[in-house]
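Examining the three-dimensional arrangement
Residue strings, one per chain:
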Amino acid sequence: MDKTILIEKTSKRLKRWEFIITAALFLTLLAGFGTLYIAIPLAITVWSISGLCFLAFIGIRTAIWWHHG
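An account of the accompanying structure is given in this report. The written sequence of each chain sets the order in which its residues are numbered from 1. With the structure being a predicted model, the display of local features is reserved for residues of pLDDT at least 70 and the display and counting of side-chain atom pairs for 80 or more, all residues being used for whole-chain, interface and lining totals. Think of the side-chain values as coming from all heavy atoms in the structure, minus any hydrogens and water.

**As for the overall build of the protein**
- In DSSP terms, a helix is any run of H or I states spanning at least four residues, a strand is any run of E spanning at least two, and both are numbered starting from the N terminus. Secondary structure assignment for the protein yields 2 helices and 0 strands.
- When the 69 residues of the protein are sorted by exposure, 20% land in the buried category.
- When contacts within the protein are restricted to residue pairs at least 6 apart in sequence, long-range pairs at least 24 apart make up 59% of them.
- Here the protein has roughly 5,300 Å² of accessible surface; of this, 75% comes from carbon and sulfur atoms. Burial status follows relative accessibility: with a 1.4 Å probe on protein chains alone, a residue under 20% of its type maximum counts as buried, one over 50% as exposed, and anything between as partly exposed. Two residues qualify as a contact provided that any one of their heavy atoms is within 4.5 Å of a heavy atom in the partner residue. Using a 1.4 Å probe, the Shrake-Rupley method yields the accessible areas, and only the shown protein chains count as cover for residues.

The following block contains the structure:
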């Protein structure tokens, strides 16, 4: 396969993962605010998951940078 085709397929796959991770990040942030009304420890747990989503977002942005310069 041609190198440009492989780069384009990699780019589309990474952009799809970036969209999924960004959506999960904002959903967990909003869920954390929503769970504040239920219990504070539950909200802290949800925000911890949001932190993991943020680390994944940083990782995917680094992967995009690594592949495409």
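Once you've had a look at it, read on.
**Observations regarding the pattern of salt bridges**
- Counted as salt bridges are all cases of a side-chain nitrogen of Lys or Arg within 4 Å of a carboxyl oxygen of Asp or Glu. This structure, assessed with the given rule, holds 2 salt bridges.
- When the shortest N-O distance is used, the salt bridge between glutamate 18 and lysine 15 registers 3.5 Å. With glutamate 18 and lysine 15 both in helix 1 (residues 3–35) and 3 residues apart, this pair spans about one turn of that helix.
- For lysine 15, a relative accessible area of 44% gives the class partly exposed.

**Some thoughts on helix 2 (residues 40–68)**
- Given a helix with a known number of residues, its expected span is that number minus one, times 1.5 Å. Over its 29 residues, helix 2 runs 42 Å from end to end, which matches the ideal 42 Å to within 8%, given 1.5 Å per residue.
- For helix 2, every residue scored as buried is listed here: Ala43, Val46, Ser50, Cys53, Ile60 and Ile64.

**Looking at the environment of tryptophan 17**
- By the element assignment, tryptophan 17 lies in helix 1.
- A relative accessible area of 47% means that tryptophan 17 is categorised as partly exposed.
- The spacing of tryptophan 17 and alanine 56 is 39 residues in sequence and 9.7 Å in space, taken between C-alpha atoms.

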